[in-house]
Amino acid sequence: MDQSAKIADIHKSIVKEQAAQERKRLMLNAGLLLLLLAAPFAIYPVFLMKILCFALFAVAFNLLFGFTGLLSFGHAAFLAAGGYTTGYLLSNYSGLSTELGIIAGTLAATFLGLGFALLSIRRQGIYFAMVTLALAQLVFFFFVQSEFTGGEDGMHGIPRGHLLGVIDLENNLSMYYFVLAVFIGCYLLVQRIVSSPYGQVLKAIKQNEPRAVSLGYNVDRYKVLAFVISAALAGLAGSMKSVVFQLASLNDAHWHMSGEVILMTLVGGMGTLLGPVIGATFVVNIEYHLSQGPLRDWVDPILGGVFVITVLAFRSGIVGEIQKFIRKNIG
Amino acid sequence: MSMIFGVPLAVLSGQLLIGIINGAFYALLSLGLAVIFGLLKIINFAHGAMYMLGAMVTVLMFNALGVNYWVALFMAPLLVGAFGVVIEYFLLRRIAGQDHIYSLLLTFGVALIIQGVLINWFGVSGLRYTMPDMFKGGINLGFMFMPYYRAWVIVAALLVCFGTWFVIEKTKLGAYLRAGTEDSQLMQGFGINVPLLISLTYGFGVALAAFAGVLAAPIYSVTPVMGSTTLIVVFAVVVIGGMGSIGGAIITGILMGVIEGLTKTFYPPASSAVIFLVMVLVLMFRPSGLFGKEA
Amino acid sequence: MTMMKKLLTSAVASTLMASGAQAAISNDTVKIGYLADMSGTYRDLAGPNGQSALEMAIADFGGSVKGKKIEIVSADDRNSPDTSSSTVRRWVENENVDMVAGMVASSVSIAVSKILEENDKLGIISGSAASSITNEHCTPNHIHYVYDTYPLANGTASAVVKEGGKTWYLLTADYAFGHSLESDVRRVVEANGGEVVGAIRHPFPTQDFSSFVLQAQASGADVVGLANAGADTTNAITTASEFGVTQSGQTLAALLLFLTDVHALGAQTAQGIQLTTGWYWDMNEETREWSDRFMDKTGVRPTMVHAGIYSSTIQYLKAVEATGSDDAQTVRKQMMDTPINDMFAKNGKIRIDGRMVHDMYLAEVKTPAESKNEWDLYKILRTIPAEESYRPLSESKCKLVKN
């Protein structure tokens, strides 16, 4: 057999291999989708929605941290901004259709994110993290002081309302499918962003920012955009959460919440797409089940332990470690 | 009575003095953080927990062994420092040389564990600790009543701060420390046990926090959560001062104490938020803090 | 419109109940869910020991009601309304929980009460201080037992003003609870002929109070009032003692102080402070006997919240027994119709807005000489009758009250 035929053969097998992998991935995704569609019939829908909202929050955070390499310690501000804005509008304007309230909440978080980004983007590493923390503390202070948030009593009785003015979201099942649709849409959006040329630049910035600068990219603008998208999606997560639970509280704006999303992303696997989703599922489940059982008094130390063990031994998180394992033994 | 912005001069003077006292306290707390970051590049999010341990250990030693305040001033930092050495050796060492973020996350986790465990053992209401007899009472300065203990706090804090700064910046030991952490291979070649030096430095940094805890025991409620809110304030101070700068942490601590004190006089509700406002403003114009070295 | 429907349904249901129709215990079990902060700021008020109090109540009641067993489930509310509402939703929708007890953080209590209203189950809130719980946030599905900011302000402030503390300087925690306490105090002080000469709002939480104490001293007011709670109060008291506030003639009035706080301070630091409490472990034979049993079980003396959890649970079980039903509206109505005179409350009555009103007590912290052991901390000065203590229904913003 001559060279070109050999090469053609190799080429054919690579294409077949890729097609097989593509099929596997599609099947995996289809399977997951089916699982998610059927889940509310087996698992309590409100609990699932909580996971989806936090998963979206973590995915948003991961866009900035895992893919762009920027650790924000103030992401709770966006979650709360979305939640309170949507909550306020839906509570006080009864004719307002739910999705409009959610969009408004997302926009509020987006603008807040822009503000944060412009003030912090020039800083590096720990300084960047601390500026975001400081800004988030100022936002927290604002929420504590404001009448409309209800202070530490919280904002309660937020109506689920009607989707597009027609579909009654009081029904947990309808609400679930709505949240699921939004979540999947955002997940696919982030997937698109990450695999796009823009996403490649973000990854380059994460790996070696000076090099990206020397290549001629306006690094600041890329980072600001990433920040704003991340804030917007976090706000969307908060908006949806306030409609799901029909309440919004200061817990959403507290820096512990910022810490929690970091934990979720880290444990799940930062820099992967599915990681934050798995991480959110993991953390929400642990908190929920532990706080009911005999280990109820030990939830915080256990979460601390998870943090420590993840940083020491499972840096790539659940998804990352699984990927490594697959590559080593199967791939 | 003369007034400044509607506040009587006497009251203002009192507030400034209080601000300086609190500032000295912040300086002491930030010092340990600055040492740990400046020399070891570790972002110690467990610093608040170490401060709390200093206070808790003081009270527990008193209750269990009758250890008095003066002995506690040495023993508590020693014990907590030793605990710090253990943490460095078993945990932090494994992530040495990696991105600073991991040290932040690791120490954050450690703090959660320490705090959670202590809440379970001791509850959240706090442990009783009475002021040592020799410090009870105070002196009337005319514009305010100054408790003797607060005068002691300012003296002790400034002494320790200055002492630490001097040792690190001006002595041979300090030079070895600074060199050892910058270029450990070279220093090890000179026969200096750099890993030991690193462990001891971390231990020293947290011992400083514990010392602040002992100082706090007679005047603040000693509870497992006392370090939690103090932590982010102290971080703010260190960042404003410049994360690598020891002198910067001291000066900024005092400055922040005064600014906070003034806010408590003119607009009290914002007094815990003002430090973050200052941080944002400072970092806008000086990206590495007031005295920072890194770009 | 769901609210209207709920009100009508419960009105109809209660009439039916009263006429003796359909009384039954659902699922042949009375299931109580205990929800409180087990690991955070409010852990010592109710917390794990509150569950012990609940268990004591069930045991003392006999362990069963009308031949049906009594079960408990419990969870940590994590001070989070999200987590609590998920837990309670699951409890009432999937696990047949009939009554939810405990609850401390106001955001948790309010969130849970909304869920209970939707599902027509009953909640008995023992730990929260917010008076809004039976005011603008009242529902037909919960009862607020033990205390709220209104009687605390009423009791302490009016007593102190009557003793001569005419001018007041307030240190207020800058959040809704503090503001509410402050406005209640202002009202009482002014109604009694006093004057609030100044007030500072301090951040929640605050560790160092020296600056605020200084301003309070400079004001020259007769009384320094602490409109805050928990560590803020204990820190403020410690600092006040350090700066010689009481030595120089000012009175310190703490508006919300629990036994656990005073225990943490000790008689030496806290002596002389006046406060209002709903109950104290050493008031009489009955309370002492119960508190000894509580101490055997938990190792500490009970706060008024613990005693309230015990009492409210027994009252609940009695109502279930009397009506033969664990339906929320039936039991609530029965509880409202039954006066409460037990170990915990004297002249107790549950009003239409869900507020359990009972005699409160003005107490003073003992001096070290008077205090015989670490928990011997209060002397009861006098009783404040129920009618004088709580927000009158005429001032209520509760939707259940026809105003």
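Computed from a prediction, not measured in an experiment: that's the story for all the values here.

**Quick look at the overall build of chain C**
- Assigned secondary structure in chain C consists of 13 helices and 15 strands.
- Expressed along its principal axes, the backbone C-alpha trace of chain C runs to roughly 65 × 45 × 35 Å.
- The buried share among the 403 residues of chain C stands at 64%.
- Across chain C, every contact between residues at least 6 apart in sequence was considered, and the portion connecting residues at least 24 apart equals 73%.

**Here's the deal with the overall build of chain B**
- In terms of helices and strands, chain B carries 11 helices and four strands.
- Rg of the C-alpha trace for chain B: 19 Å, near the compact-globule value of 19 Å for 295 residues, within the 12% margin.
- Going through the 295 residues of chain B one by one, you find that 57% of them count as buried.
- Of the contacts formed within chain B by residues at least 6 apart in sequence, a portion of 77% connects residues at least 24 apart.

**Quick word on the interface of chain A and chain B**
- With 31 residues of chain A in contact, the opposing surface of chain B contributes 32 residues.
- Residue assignment for the side of chain A that touches chain B shows that the elements contributing at least two residues are α5 (125–145), α10 (255–268) and α12 (299–313) of chain A.
- Partitioning the side of chain A that touches chain B into residue classes produces 21 nonpolar, six polar and four charged.

**Quick look at the sheet that holds strand β6 (residues 142–144) of chain C**
Residue and element names in this part refer to chain C.
- In spatial order, the strands read β2-β3-β1-β4-β5-β6; together these six strands make up an open sheet with mixed pairing. Taken across any chain shown, the strands that pair with only one partner, and hence form the sheet edges, are β2 (64–65) and β6.
- Bridge analysis of β2 against strand β3 (residues 68–76) gives two bridges, and the strand direction is antiparallel. Within β3, the residue paired with valine 65 across the bridge is lysine 68.
- On the sheet, helix α2 (residues 47–61) packs against β1 (29–36), β3 and β4 (99–102) and is oriented at approximately 160° with respect to β1.
- Contacting β1, β3 and β4, helix α3 (residues 81–94) runs over the sheet at an angle of about 175° to β1.

**With respect to the environment of isoleucine 273 of chain C**
Residues and elements named next belong to chain C.
- Mapped onto the fold, isoleucine 273 is located in the loop between α9 (259–270) and β11 (274–277).
- Sequence spacing of isoleucine 273 and alanine 307 is 34 residues, and the spatial spacing of their C-alpha atoms is 23 Å.
- Beyond its immediate chain neighbours, meaning those up to four positions away, isoleucine 273 contacts Ile237, Leu252, Ala254, Glu364 and Val365.

**So, the interface of chain A and chain C**
- Residue-level contacts link 21 residues of chain A with 24 residues of chain C.
- Within the residue set of the side of chain A that touches chain C, elements represented by two or more residues are α2 (45–67) and α12 of chain A.
- Among the elements that make up the side of chain A that touches chain C, the one with the highest residue count is α2 of chain A (three residues).

**Let's talk about the domain arrangement of chain C**
All names here are of chain C.
- Segmentation of chain C into domains returns domain 1 (23–147 + 284–353) and domain 2 (150–277 + 360–384).
- With centres defined by C-alpha atoms, the gap from domain 1 to domain 2 works out at 29 Å.
- Looking at the side of domain 1 that touches domain 2 residue by residue, the classes come out as five nonpolar, four polar and two charged.

**Looking at the packing of helix α1 (residues 9–40) of chain B against helix α9 (residues 226–241) of chain B**
Residue and element names in this part refer to chain B.
- Relative orientation of the contacting elements α1 and α9 amounts to 70°, with a least axis distance of 9 Å. Taken together, the axes of α1 and α9 lie roughly perpendicular to each other. Note on element contacts: α9 touches α1 through Thr230, Val234, Phe235, Val237, Val238 and Gly241, opposite Tyr26, Leu29, Ser30, Leu33 and Ala34.
- A per-class count over the contact of α1 with α9 returns eight nonpolar, three polar and no charged.

**Considering helix α4 (residues 100–122) of chain B**
- Taking 1.5 Å per residue, 23 residues should reach 33 Å; α4 of chain B reaches 33 Å between its end C-alpha atoms and fits that length.
- Immediately downstream of α4 of chain B, the backbone of glycine 123 of chain B shows phi near 75°, a positive value.

**Structural notes on the confidence of the model for chain C**
- For chain C, mean pLDDT is 91; residues scoring 70 or higher make up 94% of the total.
- Predicted complex metrics record ipTM = 0.90 and pTM = 0.90.

**Here we look at unusual backbone geometry**
Residues and elements named next belong to chain C.
- Here the residue pair phenylalanine 204 and proline 205 is connected by a cis peptide bond, since its omega of 0° sits within 30 degrees of zero.
- Structurally, proline 205 can be placed in the loop between β8 (195–202) and α7 (210–219).
- One non-glycine residue, valine 146, adopts positive backbone phi at about 65°.
- Here valine 146 lies in the loop between β6 and α5 (149–162).
- If you check the backbone angles, asparagine 347 has positive phi at about 55° while not being a glycine.
- Inspection of the secondary structure puts asparagine 347 in the loop between α12 (328–337) and β12 (349–350).

**So, helix α6 (residues 176–191) of chain C**
All names here are of chain C.
- For α6, built from 16 residues, the straight-helix expectation of 22 Å at 1.5 Å per residue is met to within 8% by its first-to-last C-alpha distance of 23 Å.
- Those residues of α6 not exposed but buried are Ala176, Phe177, Gly178, Ser180, Leu181, Glu182, Asp184, Val185, Arg186, Val188 and Val189.
- Close packing links the buried residues of α6 with α4 (106–119), α5, β7 (167–173), β8 and β9 (223–227).
- Just past α6, the residue glycine 193 takes up positive phi, approximately 90°.

**Re the pairing of β7 of chain C**
All names here are of chain C.
- The element β7 is extensively covered by neighbouring structure, given that six of its seven residues are classed as buried.
- As paired strands, β7 and β8 are joined by seven bridges and run parallel to one another. Directly across from threonine 167, in β8, lies its bridge partner glutamate 195.
- In terms of handedness, the path from β7 via α6 over to β8 forms a crossover that is right-handed.

**Side note on the nonpolar core**
- Ranked by size, the top nonpolar core spans 339 residues in total, and within it Leu56 and Phe57 of chain A together with Leu28, Ala210, Ala236 and Met279 of chain B carry the most contacts.
- Of the residues that make up this core, three or more belong to each of domain 1 (23–147 + 284–353) and domain 2 (150–277 + 360–384) of chain C.
- Discounting residues that sit within four places of it in the chain, alanine 236 of chain B has contacts with Ala134 of chain A together with Ile275, Phe276 and Met279 of chain B.

**Section: the packing of helix α6 (residues 172–182) of chain B against helix α8 (residues 194–216) of chain B**
Residues and elements named next belong to chain B.
- Taken N-terminus to C-terminus, the directions of α6 and α8 make an angle of 110°; their axes are 10 Å apart at the nearest point. Compared by their axis directions, α6 and α8 come out roughly perpendicular. The crossing of α6 and α8 is left-handed. Counting all contacts with α6, which are made through Leu177, Gly180 and Thr181, the residues of α8 involved are Val194, Leu197, Ile198 and Thr201.
- Residues that form the contact of α6 with α8 fall into these classes: four nonpolar, three polar and no charged.

**What about the environment of glycine 115 of chain A?**
- Relative to the helices and strands, glycine 115 of chain A resides in helix α4 (residues 98–120).
- As a C-alpha pair, glycine 115 of chain A and proline 45 of chain A span 70 residues in sequence and 35 Å in three-dimensional space.

Cut-offs used in this document
Residues numbered from 1 in each chain as written. Chains lettered and ligands numbered in written order. Predicted model: local features only at pLDDT ≥ 70, side-chain atom pairs only at ≥ 80, totals over all residues. Helix = DSSP H or I, 4+ residues; strand = E, 2+ residues; numbered from the N terminus. Buried ≥ 20, exposed ≤ 12 C-beta atoms within 10 Å, placed from the backbone. Contact = placed C-beta atoms within 7 Å. Rg over C-alpha atoms; globule rule 2.2 N^0.38 Å. Nonpolar A, V, L, I, M, F, W, Y, C, P; charged D, E, K, R; others polar. Pairing = 2+ DSSP bridges. Axes fitted to C-alpha atoms, helices over the stretch in contact; angles between N-to-C directions. Domains from an automatic or database assignment. Parallel < 35°, antiparallel > 145°, perpendicular 65-115°, else oblique. Expected span 1.5 Å × (residues − 1). pLDDT = per-residue confidence, 0-100. Right-handed = clockwise from strand over helix to strand, strands pointing away. Core = buried A, V, L, I, M, F, W, Y, C linked by C-beta atoms within 7 Å. Left-handed = near helix turned anticlockwise from the far one by under 90°.

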